[in-house]
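Structural features, examined
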Amino acid sequence: MALSASDLPAMFSLLTNSLSGDDSVRKPAEAALSQSEARPGFCSCLMEVITAKDLAPHVDVRLMASVYFKNSINRYWRHRRDSSGISHEEKLYLRQKLLSHFGEENNQIAQMLAVLVSKIARIDYPKEWPELFSDLAQKLQSADILSSHRSFLTLFRTLKELSTKRLISDQKNFAEISARFFDYSWHLWQTDVQTLLHGFSTFSQSYNSSTLEQHHDDLYLTCERWLLCLKIIRQLIISGFPSDAKCVQEVRPVMEVSPMLLNAIQSFLPYYSSFQKGHPKFLNFLKRACTKLMKVLIALQGRHPYSFSDKCVLPVVLDFCLRKITHPDPDVLSFEQFLIQCMVMIKSVLECKEYKPSLTGRVMDENGVTLEQMKKNISGAVSGILTSLMTSERILVLCNILIRRYFVLTPSDLEEWYQNPESFHHEQDMVQWTEKLRPCAEALYIVLFENHSQLLGPVVVSILQEAMNGCPTSVTEITPGLLLKDAAYGAAAYVYYELSNYLSFKDWFNGALSLELSNDHPNMRIIHRKVALILGQWVSEIKEDTKRPVYCALIRLLQDKDLSVRLAACRSLCSHIEDASFSEGEFVDLLPICWDSSFRLIEEVQEFDSKVQVLNLISVLIGHVSEVIPFADKLVLFLQKVWEESSGECLLQIQLLIALKNFVVALGYQSPLCYNILLPVLQKGIDINSPDELNLLEDSMMLWEATLSQAPSMVPQLLAYFPCLVAILERSFDHLQVAVTIIEDYIILGGSEFLSMHASSVANILDLVVGNVNDRGLLSTLPVIDILIQCFPTEVPQLISSSLQKLIVICMTGADDRDPSKATVKASSAAILARILVMNTNYLAHLTSEPSLLLLLQKSGVSIVENILLCLVDVWLDKVDNVSSVQRKTYGLALSIMLTLRLPQVLDKLDQILSVCTTVILGVNDDLVEESSGDSISSSGSLSKDSIPSKEMRRRRVKFSDPINQMSLEDSVRENLQTCAALHGESFSKAVGNMHPSALTQLKQALKMA
C-alpha cells in the first residue's frame, strides 16, 4: 500500500524515534522504517520531511530522512526483479522537487540534497533526466546569493559523481557538459575574485564598522560559492578533456586558467596577516582558498603536463613555489599547508616523466608525425625551461634551505616528543608525506637529490661535516648546532643509495655515530633516534667487518630510555635481520638481550601501532634466526599474553598469526611445544562464524598449513578442525590454493585415520571444487585427487565418483588445442583416470557404464558414439607427450590393460597403443632416474630427518611408495599381449602384421623378445 501525505506525522515520529538512545524505542522505529522502504511514496514522504518549512528547526530528523532517501536511491531507484521499485511518476516528482529547493539555509541539509541529486543523476542522466543541466544552468544565474551557492553546490556534486563513470559514452557526455559550463563558471569565478578582493580590502581598513558586519554573511556565501566554482572548474578540466600525456593535444583551458589561479594566490596572501587580527572565519577561508588553488594547479599539471608546460604557466608557477619555499614572508612561514603544496608542486614537476626523454614506441598519427617525436619536442623544450629556472645555484640554495630550515625540529616538535614519545615517533615515521611539512620537505629533498646527485652529494657531505664539527658528541644542551646535526643526519639517511659514493659508512660509524651512543644524557635522544634511523637506512652499505658493532649499537638503542628511540631501533633491526646479507653468526649471542628487550618494549608501549611494530620484529626474528628453541618457553608465554590482550585488534592479531606461523616453522618437529597457544588461536581463526573471520581467515589458513607441515604426527584437535575447510570453501574459493595444500597435508599426515573420519567431507570438497573453478584452480586440485587414489585405491574412487565423472567429461570435451591450461587439465585428469584403471580396474569399468555419467555427458553436449573406455584410450594416446614421466608410465600401464578387453575396436588402435608403450618402456628408466635424483631416498625408503623438512620427507616417502613405480610396464605389455592374442585370435595376428616393421622391431626390443 502506497504512503501518502496522511502518513507524514507517522513518518516524522518514526524518524524521531530512530534517533533515540533508548534501544526499546529506536529498534522498533528502525524496523518499521526498513519495512516501509520498498513501499510506493516512501521517498516522497521523506522529501516532504526534508523540505517542510515548519520542520526546519528539526535538523537531526531532516538529516536522518535524507540518509534514508539516499539509501533508497541506491536500493530501489533502478528497476529490480524482487521489488516494484520507485514508479516513474514518483521519480519525476522527486527530481522536480529536488531542483526547486535551492533556498535551504542549513548547510548540512543542503549538502545532502546535492548528494541526492548527484546519486539520481548517475542513474538517470541523460536518458531519463535530459533537462538536468538546463535546469541547473538557469538556477546558477539566480540573483540570490544563497540560491546561487546551492546551485553551484549541486552542480559540483553532480559533476563529481558523473566524472567517475568510465564508459566511453559517459565520458563523451561529460565532455559535452564541460563545454557547456566552463565559460560561465570561469567568468563567474573571475568576477567573484574581484568581489572578494574588494571586500577583503574594505575589511582591512575598517575592522569595527557595524555596516560591514551586515555584509559579512553575504560575502562569506560568495566566498563559498567561489570555492565551489573553483572545484567545478577543476572537475571540468580534469575530467572533461582526455589527458594530453596520451593524446598530446593542447588543452587550452589549462593555459587560460593556470596564470589566473596563481594571480589569485598572490592577491590573497597579503591579507593573511591582517585577517589574523580579527577575522577568524575569513582567515580560515583564506587558508582553504590558497591551499585549494595550489592543489588545483598540481592536479592540472598531473593530468595535462604538456599543456601545463606552456611558457606562460610552468615557469611562473615553479618560480613562485621556489621563492615561497626559499624566501617566504614571515607570515607565510607559519602557513604550513600552503608551503606543503608548493613543495608538492616542485616535486611533481621534478618527477614528471613527460618532462623527461620519452621512451615510447613509434606510434603514427594521421599526419605521419610520430607521437614519440611530438613528446620529445615538448620534453626538450620543458627541459630547457627547467634548466634555466633550476640553475645550479638555485638547486644548492633549495637543498640547503630544506635541510637547515625544514628538517630542523621545532620547539613544538620537541614538546610533543617530550609529552608523548610514542605518538611523536609514529607521526614522524608513518605519517602521509603530504600532510606534514617536514615529511613533505624530506620527500622533495629525496627527489631533488635523485635528479642532481652529482651536484648535491658533496654539498650534503659538507653540511654533515659542518654539523658534526659544530656539535661534538659531548654536547648535551639542545642548541641550534645539535638540531642542525639531527637534520644533517636525517639528510644523510634518506639518500644513502647515492651518498655512499661520497661518504664511507665505516669511517662515519667509527668516527661519529658509535661515539654518539656513549653519551646517555636525556637530550641525546634526538641524536640517538636519528642514529637508529641511519643504521636502518644504510643497511645495504654495511660491510662484514662493521656488522657486529652495528648490531651491538642497535641492541643498545633498543634498550634506550626513550620510547621513540627504541621504536626507531626496532624498525631498523627488522631491516638488518631481513637483509639478504644478515650475519646470524655475529648476532647469535645478542639474541637473549634482543628477545628480552622486545618483550619489555611491547609491555611498555601503549599505542596500537607500536605493538604491531614490536610484534613484527619478534616475528622477523623467529623467521630468520635458527636459535629459537632455547627461547620457546618464553615465546609461548609472550604470545599467549599478547593474544589475550589483543581482543578486537584485528591488525595486531594478524601480526600475531604471522609470528605464530614463523614460530611453528622455526620449531619444526618440536612445534607441539607451542600447541597450548597455537591450537586455540587456530580454532578461532578458521571459524567462519567468528566476528573477526573476515580479517583473520587468510593468515589463519597459512598458519593451519604450516602447523600440519611441521607436525610430527596427527593430534585429535587438528583432526577435528578439518570440517572447517568445507565451510570455508562452501562460502568462496578465495583461499583454494592453501586449502588444497592443507588437504594434502591431512592425507599424508593423517592417513587412513583421517579418511575414515572425514571421508564425506573430502568428497564434498572435491565435488564442490571440480567443475566450479577455473583451470588454475583445477590444476592445483588434481594432484590431491591423484594422491588420494594412490594412497587409497580401493576406498577413494567410490567415495569421489561424482568428481571422477566430471573428470571424464573434461576428458571427453575438446577445444583444448589452443589453450595450454585446458590441455594440461585434460592431460592430468586423464592421468588420474588411468591410475584408477591400473589400480582398481573393475571400478573404472563400472564408473564408465553408469547412467548418471551418460546423462552428465549429454548435459555437457558431448556425443558418445563408442565405448567411453575407448574414448579415454584416444585421450591417453593424444596426451602422452604432455605429462610427467610417472603419468606417462601410468598412461602406458592403462593402455596395456585395455588390450585385455573383449572389444574388437581395440585392435584398430593396437598399432598406436603398442607404439606408445614402446616409447614409454624405452624412456621410462631415464625419466624416473632423473626425476628422483634429488630425493635422497634409499632402497628401503628411509630418509634423514635432519636434512629434509618433515613435510617434504613425508611427501617423498609417499612418492617413493607409489605402486606405479613398482610395476613393470614391460611385463604388463608382454602378458596383456598374450591375453589379447588369445581373445582375438586371427584378428590379432592380422593387426600385428599391419604394424610397420621398424615399430615391431622396437617393440620386440623393448619387451626383450628379440
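Residues numbered from 1 in each chain as written. Predicted model: local features only at pLDDT ≥ 70, side-chain atom pairs only at ≥ 80, totals over all residues. Heavy atoms only, no water.

**Thoughts on the overall build of the protein**
Just so we agree on the cut-off: Helical segments are the DSSP runs of H or I of at least four residues, strand segments are the runs of E of at least two, and each set is numbered from the N terminus. Under the scheme applied here, a residue whose accessible area is under 20% of the maximum for its type counts as buried, over 50% as exposed, and between as partly exposed, the area being computed with a 1.4 Å probe on protein chains only. We call two residues in contact when some of their heavy atoms are within 4.5 Å.
Tallying secondary structure elements over the protein gives 55 helices and zero strands in all. If one aligns the C-alpha atoms of the protein with their principal axes, the spans along those axes are about 120 × 80 × 75 Å. The buried share of the protein, taken over its 1010 residues, is 53%. Taking the intrachain contacts of the protein between residues at least 6 apart in sequence as the baseline, contacts between residues at least 24 apart amount to 77%.

**Observations concerning unusual backbone geometry**
Tyr-125 connects to Pro-126 through a cis peptide bond whose omega is 5°. Tracing the backbone through its elements, the reader meets Pro-126 in the loop between helix H6 (107-124) and helix H7 (132-140). Positioned with a positive phi, Val-248 is a non-glycine residue whose angle comes to about 50°. Counting through the fold element by element, Val-248 comes out in the loop between helix H11 (244-247) and helix H12 (252-268).

**Examining the environment of Lys-1008**
As for its placement among the helices and strands, Lys-1008 is situated in the segment after helix H55 (997-1006). The exposed category is assigned to Lys-1008, whose relative accessible area is 63%. C-alpha separation for the pair Lys-1008 and Arg-974, spaced 34 residues apart in sequence, amounts to 9.5 Å.

**Considerations on the packing of helix H23 (residues 437-451) against helix H24 (residues 453-470)**
Each pair of packed helices gets described by two things: the angle between the helix axes and the distance between those axes. The following threshold applies: In this analysis an axis means a line fitted to C-alpha atoms, helices contributing only their contacting stretch, and an angle means the value between N-to-C directions, from 0 to 180 degrees. Reported orientations rely on four angle classes, namely roughly parallel under 35 degrees, roughly antiparallel over 145, roughly perpendicular from 65 to 115, and oblique for the rest. Note that Gly is not counted as nonpolar here; it falls among the polar residues with everything else outside the nonpolar set of Ala, Val, Leu, Ile, Met, Phe, Trp, Tyr, Cys and Pro and the charged set of Asp, Glu, Lys and Arg.
Look at H23 against H24: their axes get within 6 Å of each other, and the N-to-C directions meet at 120°. In terms of orientation, H23 and H24 fall into the oblique class. Judged by residue contacts, Tyr-445, Leu-448, Phe-449, Glu-450 and Asn-451 of H23 engage Ser-453, Leu-456, Gly-457 and Val-460 from H24. In terms of residue class, the contact of H23 with H24 is made up of five nonpolar, three polar and one charged.

**Thoughts on the environment of Asp-244**
Inspection of the secondary structure assignment puts Asp-244 in helix H11. Once the C-alpha coordinates of Asp-244 and Tyr-306 are considered, the two residues, 62 residues apart in sequence, prove to be 6.3 Å apart. Beyond its immediate chain neighbours, meaning those up to four positions away, Asp-244 contacts Gln-249, Val-251, Arg-303, His-304, Pro-305, Tyr-306 and Ser-307.

**Digging into helix H40 (residues 736-769)**
As a reminder of what qualifies: Expected span, for any helix, means 1.5 Å times one less than how many residues it has. Axes are fitted to the seven residues ending at a residue and to the seven starting at it; the angle between these axes is taken as the bend at that residue.
For H40, built from 34 residues, the straight-helix expectation of 50 Å at 1.5 Å per residue is missed by more than 12%, its first-to-last C-alpha distance being only 9 Å. At Gly-750, H40 shows its maximal bend, which comes to roughly 115°. With 24 of 34 residues buried, H40 lies mostly within the body of the structure. Downstream of H40 by one or two residues, Gly-771 has phi in the positive range, about 95°.

**Quick notes on the nonpolar core**
The condition that has to hold: For this analysis, a nonpolar core means a set of buried residues of the types Ala, Val, Leu, Ile, Met, Phe, Trp, Tyr and Cys, connected via side-chain atoms within 4.5 Å.
Among the nonpolar cores identified, the biggest contains 355 residues, and Trp-189, Phe-200, Trp-226, Tyr-445, Trp-508, Phe-587 and Trp-876 are the most heavily contacted of them. Residue contributions to this core peak at 17 residues, all from H40.

**Thoughts on the pattern of salt bridges**
What counts, and what does not: Just to be clear on terms, a salt bridge is a Lys or Arg side-chain nitrogen sitting within 4 Å of an Asp or Glu carboxyl oxygen.
Under the defined criterion, the tally for this structure stands at 38 salt bridges. In this structure, the salt-bridge partner of Lys-119 is Glu-161, at a minimum N-O distance of 3.7 Å. Here the residue Lys-119 occupies a position in helix H6, and Glu-161 occupies one in helix H8 (residues 145-162), the gap between them amounting to 42 residues. On the basis of relative accessible area, Lys-119 is assigned to the partly exposed category, the value being 24%.

**Section: the packing of aromatic side chains**
How we decide: We call Phe, Tyr and Trp rings a pair once their centres come within 6.5 Å, taking the six-membered ring for Trp, and we label the pair stacked below 30 degrees between planes, edge-to-face above 60, and tilted otherwise.
Across all of its chains, the model carries 39 aromatic pairs by this definition. Between Phe-407 and Tyr-445, the ring centres sit 5.3 Å apart and the planes meet at 85°, which makes this aromatic pair edge-to-face. With Phe-407 in the loop between helix H20 (392-406) and helix H21 (411-419) and Tyr-445 in helix H23, the pair connects residues that are 38 residues apart, well separated along the chain. We note that Phe-407, like Tyr-445, is buried. Members of the aromatic cluster, connected to one another through ring pairs, are Phe-182, Trp-186, Trp-189, Phe-200, Tyr-220, Trp-226, Phe-268, Tyr-271, Phe-275, Phe-282 and Phe-285.

**Overview of the state of the cysteines**
By definition, a disulfide links two cysteine residues through a covalent bond between their sulfur atoms. Applicable threshold: Note on terminology: pairs of cysteine sulfur atoms within 2.5 Å are recorded as disulfides.
All chains considered together, the criterion is met by zero disulfides. Free cysteine Cys-247: the closest other cysteine sulfur is in Cys-352, separated by 14 Å.

**Some words on the packing of helix H3 (residues 42-51) against helix H4 (residues 59-76)**
Threshold: Handedness of a crossing is defined here by the sense of rotation of the near helix relative to the far one, left-handed for an anticlockwise turn of less than a right angle and right-handed for a clockwise turn.
At a minimum axis distance of 9 Å, the contact between H3 and H4 shows a crossing angle of 150°. Taken as axis vectors, H3 and H4 run roughly antiparallel relative to one another. Crossing of H3 over H4 shows left-handed handedness. Listed contacts from H4 to Phe-42, Cys-43, Leu-46, Met-47, Val-49 and Ile-50 of H3 are Val-61, Arg-62, Ala-65, Ser-66, Tyr-68, Phe-69 and Ser-72. Class assignment for the residues of the contact of H3 with H4 results in 10 nonpolar, two polar and one charged.

**Observations regarding H24**
The end-to-end C-alpha distance of H24, which contains 18 residues, comes to 25 Å, matching closely the 26 Å that a straight helix rising 1.5 Å per residue would cover. The complete set of buried residues in H24 reads Ser-453, Leu-456, Gly-457, Val-459, Val-460, Val-461, Ile-463, Leu-464, Ala-467 and Met-468. Buried residues along H24 sit against H20, H23, helix H25 (480-494), helix H26 (496-499) and helix H27 (505-516).

**With respect to the environment of Glu-224**
Mapped onto the elements of the fold, Glu-224 is located in helix H10 (residues 210-240). For Glu-224, a relative accessible area of 16% gives the class buried. Measuring from C-alpha to C-alpha, the distance between Glu-224 and Leu-615 comes to 48 Å, with 391 residues separating the pair along the chain. Non-local contacts of Glu-224, meaning those with residues more than four positions away in its chain, are made with His-149 and Arg-288.

**Some points on the confidence of the model for the protein**
Rules: Predictor confidence is given residue by residue as pLDDT, running from a minimum of 0 to a maximum of 100.
Looking at the protein, the pLDDT average stands at 88 and 93% of residues meet or exceed 70. When mean pLDDT is compared element by element in the protein, H20 scores highest at 96, while helix H50 (residues 910-932) scores lowest at 73. Ignoring residues within four places in sequence, the model shows residues 362-366, a span with pLDDT below 50, making seven contacts including any to other chains. Ignoring residues within four places in sequence, the model shows residues 928-948, a span with pLDDT below 50, making 30 contacts including any to other chains.

**Regarding the side chain of Ser-803**
For Ser-803, the location among the structural elements is in helix H43 (residues 801-812). Taking relative accessible area as the criterion, Ser-803 reaches 1% and is therefore assigned buried. In contact with Ser-803, not counting residues within four places along its chain, are Leu-766, Asp-767 and Val-770.

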